[in-house]
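Remarks on the overall topology
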Amino acid sequence: MAQHDYNIGDQNGFDFLVDLNNALSAIATNNAGSSEPNTTFAHMLWFDTNNDLMKMRNQANSAWVVVAKKDGSGWTPYRQGTALGTASVQPDTRYAHRSNNLSDLGSATTARANLGAAEDSSDPNFTNDPNAAARRGLVQQKLINLILDTIPGLVEAELNASGTAPMYACRAWVNFNGEDTASIRASGNVSSITDNGTGDYTVNFTTGMEDANYAMSGSGEDTDGAGDVTIGRPNGGTKTTTACRIKTVTSGANVDDYPSVEVMFFR
Amino acid sequence: MNQRIIYKTDAGGVAIMTPADCGLTIEQIAAKDVPTGKPYKIVDVADIPTDRQWRAEWTVDEADLTDGVGA
């Protein structure tokens, strides 16, 4: 162990030899000593024998930086003043190096968990995957696009619709017996029918129309020989978003009850 | 449904409402479809005459319409 000021002064031959050998010894031992050298230089090495630390002077020659620690017969390297191998490098939760100790990656399960890996059968809902929501959104959007592209063709095929003319839906319909106590055979979006009198009914919608500008069509059947059936709306009769009044009349323009009255509403 | 909702028409006659199988109860249908402010009664279908020859002459005593009022 030796330290030197690295300044060879003007002296006689023997003293010069001793001084030079002391300087070489300081170099050979990395300026080892229990206290720092009196004279320091940028990038100078100093082995601190009190703490077993190898230190290097910084570029500004203003402080010592630990570069390694002597552990028995070996050395532990340091990075930016912290020993490597036990360092907590980044607080990033997505990757393995978030681990405080790399030995945490010792098993595949732990490694997957640390990596937030999605391909884990124990994590079918991707709850450990930080990008799961984005992945699900992407898949959902692709499915929606596929459905939107496919549905029109399927609907047209199901309805045997040919050509390119647009289709409009029936928004309510009812088939009822207008005789006796009146009864509904079947219906859609109709909550009730009101028997207002002979051949006079109001159809009430379960869910109202967007406005009263819908179109109505009707038909029926007469079985008692009174004549052909005409179904229409009476003059001034109710026609609102929630109800529509209709009348069933004979070919002689007389109101009459019929065993089958069928009306439908389009919008 | 084997029930009907009756109320008095503006002309003094009787309106007979037949509920549809639409997922609503007859009470809900009555409250929704009976004209606002009109009292009504829910009756069995057997109580409704089947002979409609004099349908326009049917009447009802408003004092008997005690099950609710159209909303």
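Residues numbered from 1 in each chain as written. Chains lettered and ligands numbered in written order. Predicted model: local features only at pLDDT ≥ 70, side-chain atom pairs only at ≥ 80, totals over all residues. Heavy atoms only, no water.

A closer look at the overall build of chain A
Operational definition: By the criteria applied, helices consist of DSSP H or I runs no shorter than four residues and strands consist of E runs no shorter than two, each listed in order from the N terminus. With a 1.4 Å probe rolled over the protein chains alone, any residue whose accessible area is under 20% of its type maximum counts as buried; one over 50% counts as exposed, and the rest are partly exposed. Contact definition: two residues touch when any of their heavy atoms are within 4.5 Å. Per-residue and other accessible areas were derived by the Shrake-Rupley procedure at a 1.4 Å probe size, with only the shown protein chains allowed to occlude residues.
The helix and strand tally for chain A stands at three helices and 13 strands. When the 267 residues of chain A are sorted by exposure, 29% land in the buried category. Taking contacts inside chain A between residues at least 6 apart in sequence as the whole, the part at least 24 apart equals 39%. Roughly 16,200 Å² of accessible area belongs to chain A as shown, and the carbon and sulfur atoms make up 51% of that amount.

Quick notes on the nonpolar core
For the record, the criterion: The nonpolar core is taken to be a set of buried Ala, Val, Leu, Ile, Met, Phe, Trp, Tyr and Cys residues, with the residues joined through side-chain atoms within 4.5 Å.
Counting 18 residues, the largest nonpolar core has Val203(A), Phe205(A), Ile246(A), Val263(A) and Phe265(A) as the members making the most contacts within it. Breaking this core down by element, the ones donating at least two residues are strand 6 (170-177), strand 8 (190-197), strand 9 (200-205), strand 12 (243-249) and strand 13 (260-266) of chain A. Contact partners of Val203(A), with chain neighbours within four places excluded, come to Val174(A), Val190(A), Ser192(A), Ile193(A), Thr242(A), Ala243(A), Cys244(A), Ile246(A), Val263(A) and Phe265(A). Counting 10 residues, the second-largest nonpolar core is a separate cluster that includes Ile5(B), Ile26(B), Val34(B) and Tyr40(B).

Section: the interface of chain B and chain A
It is common to report an interface's size as the accessible area lost on association of the parts. For the record, the criterion: Reported buried area values correspond to the accessible surface (1.4 Å probe) lost by two parts on association, with both partners' losses combined. We count a salt bridge whenever a side-chain nitrogen from Lys or Arg sits within 4 Å of a carboxyl oxygen from Asp or Glu. Definition of a polar contact: a pair of N or O atoms within 3.5 Å, with one able to donate and the other able to accept a hydrogen when the atoms are protein atoms, and with sequence-neighbouring residues admitted only if both atoms are side-chain atoms. Here the nonpolar group is Ala, Val, Leu, Ile, Met, Phe, Trp, Tyr, Cys and Pro; Asp, Glu, Lys and Arg are the charged ones; every other residue, Gly included, is treated as polar. DSSP bridges decide pairing: two strands pair if at least two such bridges lie between them.
Residue-level contacts link 20 residues of chain B with 21 residues of chain A. A per-residue breakdown of the area chain B buries against chain A is headed by Thr18(B), Ala20(B) and Arg52(B), which together make up 35% of the total. In this assembly, chain B and chain A are joined by three salt bridges. The tally of links from chain B across to chain A stands at 14 residue pairs in polar contact (both at pLDDT 80 or more). Looking at which element gives the most residues to the side of chain B that touches chain A, the answer is strand 2 (residues 14-19) of chain B, with six residues. Partitioning the side of chain B that touches chain A into residue classes produces 13 nonpolar, two polar and five charged. As defined by bridge partners, strand 8 of chain A adjoins strand 2 of chain B across four bridges and the pair is classed as antiparallel. Bridged to Ile193(A) within strand 2 of chain B is Thr18(B).

Notes on the pattern of salt bridges
Any two side chains of opposite charge can pair, so long as their charged atoms come close to each other. A complete count under the given rule lists 10 salt bridges over all chains for this structure. Note that Arg245(A) is salt-bridged to Asp200(A), the shortest N-O span being 2.7 Å. Here the residue Arg245(A) occupies a position in strand 12, and Asp200(A) occupies one in strand 9, the gap between them amounting to 45 residues. On the basis of relative accessibility, which here comes to 26%, the residue Arg245(A) falls in the partly exposed class. Classification of Asp200(A) as buried rests on a relative accessible area of 8%. For the salt bridge of Asp10(B) with Lys38(B), the shortest nitrogen-to-oxygen distance reads 2.7 Å.

Here we look at helix 1 (residues 26-33) of chain B
Under the convention used in this document: The arc under discussion is defined with respect to the helix axis, by the directions toward the C-beta atoms.
Every buried residue of helix 1 of chain B is listed here: Ile26(B), Ile29(B), Ala30(B) and Asp33(B). Down the axis of helix 1 of chain B, the smallest arc covering the buried residues is 100°, so these residues share one side. In this structure, the buried residues of helix 1 of chain B make contact with strand 8 and strand 9 of chain A together with strand 1 (3-8), strand 2 and strand 3 (39-44) of chain B.

Quick notes on the sheet that holds strand 12 of chain A
Strands pair in a sheet through their backbones, by hydrogen bonds, and they do so in one of two ways: parallel or antiparallel. Ordered in space as 11(A)-12(A)-9(A)-8(A)-2(B)-1(B)-3(B)-4(B), the eight strands form an open sheet in which the pairing is antiparallel. Of all strands in the sheet, those with a lone pairing partner are strand 11 (230-232) of chain A together with strand 4 (68-69) of chain B, marking the two edges. Here five bridges tie strand 1 of chain B to strand 3 of chain B, and the two strands are oriented antiparallel to one another. Opposite Ile5(B), over in strand 3 of chain B, you have Ile42(B) as the bridge partner.

Description of the side chain of Ser192(A)
Mapped onto the elements of the fold, Ser192(A) is located in strand 8. Overall, the relative accessible area of 0% leaves Ser192(A) in the buried class. Polar side-chain contacts of Ser192(A) include one of 2.6 Å to the side chain of Asp33(B). Contacts of Ser192(A), omitting those with residues within four sequence positions, involve Ile184(A), Thr202(A), Val203(A), Asn204(A), Met17(B), Thr18(B), Pro19(B), Ala20(B), Ile29(B) and Asp33(B).

A look at the packing of aromatic side chains
All names here are of chain A. Keep this limit in mind: Planes of paired rings set the category: under 30 degrees apart is stacked, over 60 is edge-to-face and the rest tilted, where pairs are Phe, Tyr or Trp rings (Trp by its six-membered ring) whose centres lie within 6.5 Å.
By the definition in use, this model includes seven aromatic pairs over all chains. Geometrically, the ring pair formed by Phe47 and Trp75 is edge-to-face, given 5.9 Å between the ring centres and 70° between the ring planes. One end of the pair, Phe47, is in strand 1 (residues 45-48); the other, Trp75, is in strand 4 (residues 74-79), and 28 residues separate them in sequence. With relative accessibility at 13%, the residue Phe47 sits in the buried group. With centroids separated by 4.9 Å and ring planes inclined at 65°, the aromatic side chains of Phe176 and Tyr201 adopt a geometry described as edge-to-face. Placement of the pair is Phe176 in strand 6 and Tyr201 in strand 9, with a sequence separation of 25 residues.

Quick notes on a nonpolar patch on the surface
Our working definition: For patches, a residue must show more than 30% relative accessible area and have no salt bridge; joins then use 9 Å for like charges and 5 Å for nonpolar side chains, namely Val, Leu, Ile, Met, Phe, Trp and Tyr.
Taken together, the side chains of Val139(A), Leu143(A), Leu146(A), Ile147(A), Ile151(A), Val155(A), Leu159(A) and Met167(A) make up a nonpolar region of the molecular surface, amounting to roughly 700 Å² of accessible area. Inspection of the secondary structure puts Leu146(A) in helix 3 (residues 132-158).

As for the confidence of the model for chain B
Detailed reading of the predicted coordinates is not advisable wherever pLDDT falls low. Put simply, the rule is: Confidence of the prediction at every residue is given by pLDDT, a number between 0 and 100.
Residues of chain B with pLDDT of at least 70 account for 100%, and the chain-wide mean is 95. For this predicted complex, the interface confidence comes out at an ipTM of 0.91, alongside a pTM of 0.57.

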